[in-house]
Amino acid sequence: MLNIIDSVKEKMVLVCKVLQQQRLVDGYGHVTFRLPDNRILSTPLMPPGKVALRDLIILDTQGNKLEGPGEPNGETPMHTSIYKARPDVQCILHYHPDELVAVSVAGVGVKVVANCGAQFYRGVPIFDSPSLIRTDALGDKVAEALGDRNAVLLRGHGGTAVADNLDDLLRLGINLVRTARIQIMASSLGPVKTHSRAEVEEILQIDSRGKALRRFLDYYLSETLD
Ligand SMILES: [Zn+2]
């Protein structure tokens with residue numbers, strides 16, 4: 001059990017470093033992971049890209065700190081509400097990239113305008129408030145907006161992605177922003193065409209192969225670690 005938690009901690013630190021290297025997080029943003037025994041591993045109240053192994057904290061399902069040196073993030077209730085509502089979710093990323101804020105305030109959300117957006121074919125809803133998610137009541141509303149999808153935008157604020165492992169979470173986190181960026185570029189040129197369901201299915205079939213994810217991750221990890 002200890003070894004599993006140690007490897008999750010190492011992966012979480014690495015995910016944060018890639019997000020930082022890609023300029024997807026700055027002083028803010030957070031990543032959490034659901035541990036066994038009703039515990040949550042979390043980056044603490046500090047810039048996520050600067051987090052070292054020793055900084056990680058462990059919370060209970062109400063967001064109270066059980067272990068670790070730092071303090072929980074103010075928006076921890078968003079994470080605890082999503083874990084409560086979604087037993088399938090193992091990890092959560094919350095961040096504030098400009099591209100996500102832009103598409104959220106324009107009210108258009110993220111559409112499948114490129115192959116990197118295929119994973120978002122079920123739609124990315126917009127939580128219609130710029131409030132920071134610092135209470136359980138607001139957390140529950142974000143979880144409700146997310147529903148059974150893999151990402152939600154928060155108007156004028158940022159976005160939140162969920163996955164069942166940290167590799168997929170990193171891929172979702174990068175692809176959500178990249179898709180939004182392409183959408184913003186394309187829509188300035190004219191009407192934007194989105195993928196059909198059949199086109200999405202074709203991409204997802206290729207993306208679901210382990211080697212596609214491996215190649216994606218290897219690239220970003222090598223960019224960060226070299
Ligand atoms: Zn936030």
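See the structure shown above.
Residues numbered from 1 in each chain as written. Predicted model: local features only at pLDDT ≥ 70, side-chain atom pairs only at ≥ 80, totals over all residues.

Student: Explain the overall build of the chain to me, please; I cannot follow it from the model alone.
Tutor: Counting its regular elements, the chain contains seven helices and eight strands. On C-alpha atoms alone, the chain measures out to a radius of gyration of 17 Å, which is about the 17 Å that the 2.2 N^0.38 rule sets for 226 residues. Seen through its C-alpha atoms, the chain measures out along the principal axes to roughly 50 × 40 × 30 Å. A burial count over the chain gives 39% of its 226 residues as buried. When contacts within the chain are restricted to residue pairs at least 6 apart in sequence, long-range pairs at least 24 apart make up 64% of them. (Helix = DSSP H or I, 4+ residues; strand = E, 2+ residues; numbered from the N terminus. Rg over C-alpha atoms; globule rule 2.2 N^0.38 Å. Buried ≥ 20, exposed ≤ 12 C-beta atoms within 10 Å, placed from the backbone. Contact = placed C-beta atoms within 7 Å.)

Student: Can you walk me through the sheet that holds strand E7 (residues 151-154) in this structure?
Tutor: Pairing between the strands of a sheet is mediated by backbone hydrogen bonds and can be parallel or antiparallel. Pairing in this open sheet of eight strands is mixed, and the strands run E4-E3-E2-E1-E5-E8-E7-E6 from one edge to the other. The outermost strands of the open sheet, each flanked by one partner alone, are strand E4 (65-67) and strand E6 (126-127). Alignment of strand E5 (residues 91-95) against strand E8 (residues 158-163), held across five bridges, turns out to be antiparallel. Across the sheet, the residue bridging to Ile92 is Val162, located in E8. Here helix H3 (residues 98-105) sits on the sheet and contacts E6, E7 and E8; the angle it forms with E7, its principal contact strand, is near 75°. Contacts from helix H4 (residues 136-146) reach E6, E7 and E8, with the element oriented near 125° to E7. (Pairing = 2+ DSSP bridges. Axes fitted to C-alpha atoms, helices over the stretch in contact; angles between N-to-C directions.)

Student: Just to check I follow, could you spell out unusual backbone geometry for this structure?
Tutor: If a residue is not glycine, its phi is most likely negative; likewise, a peptide bond is most likely trans. The residue Arg23 is not glycine, and still its phi comes out positive at about 60°. Positive phi values are uncommon outside glycine, yet Asn38 reaches one of about 55°. On the secondary structure map, Asn38 appears in the loop between strand E1 (30-35) and strand E2 (39-42).

Student: Honestly, the packing of helix H5 (residues 166-187) against helix H7 (residues 210-225) in this entry has me stumped. Any pointers?
Tutor: A packed helix pair is summarised by two numbers, namely the angle formed by the two axes and the spacing between the axes. Their axes nearest at 10 Å, the elements H5 and H7 cross at an angle of 75°. The angle between H5 and H7 places the two elements in the roughly perpendicular class. Every residue of H7 that contacts H5 at Asp167, Leu170, Arg171 and Ile174 is listed here: Leu213, Phe216, Leu217 and Tyr220. Its residues assigned to classes, the contact of H5 with H7 comprises six nonpolar, no polar and two charged. (Parallel < 35°, antiparallel > 145°, perpendicular 65-115°, else oblique. Nonpolar A, V, L, I, M, F, W, Y, C, P; charged D, E, K, R; others polar.)

Student: Just checking my understanding: could you explain the environment of Gly210 for this structure?
Tutor: Summarising the element assignment, Gly210 is placed in helix H7. As a C-alpha pair, Gly210 and Pro87 span 123 residues in sequence and 24 Å in three-dimensional space.

Student: Can you help me understand the environment of Arg54 in this one?
Tutor: One can find Arg54 in the loop between E2 and strand E3 (57-60). Classification of Arg54 as exposed rests on a count of 10 C-beta atoms within 10 Å. Remark: the alpha-carbon pair of Arg54 and Gly210, spanning 156 residues in sequence, is separated by 31 Å.

Student: I'm lost on H7 in this one. Help?
Tutor: With 16 residues, H7 should cover 22 Å at 1.5 Å per step; its first-to-last C-alpha distance of 22 Å lies within 8% of that length. Little of H7 sits inside the fold, with zero of its 16 residues counted as buried. (Expected span 1.5 Å × (residues − 1).)

Student: What is the right way to read H4 from this model?
Tutor: Three- or four-residue spacings in an α-helix give side chains the same orientation, since the helix completes a turn every 3.6 residues. Every buried residue of H4 is accounted for by Gly139, Val142, Ala143 and Leu146. Considered in projection along H4, the buried side chains sweep an arc of 100° and stay on one side of the axis. In this structure, the buried side of H4 is in contact with helix H2 (76-85), E6, E7 and E8. Following H4 by one or two positions, Gly147 adopts a phi angle in the positive range, close to 60°. (Arc of directions from axis to C-beta.)

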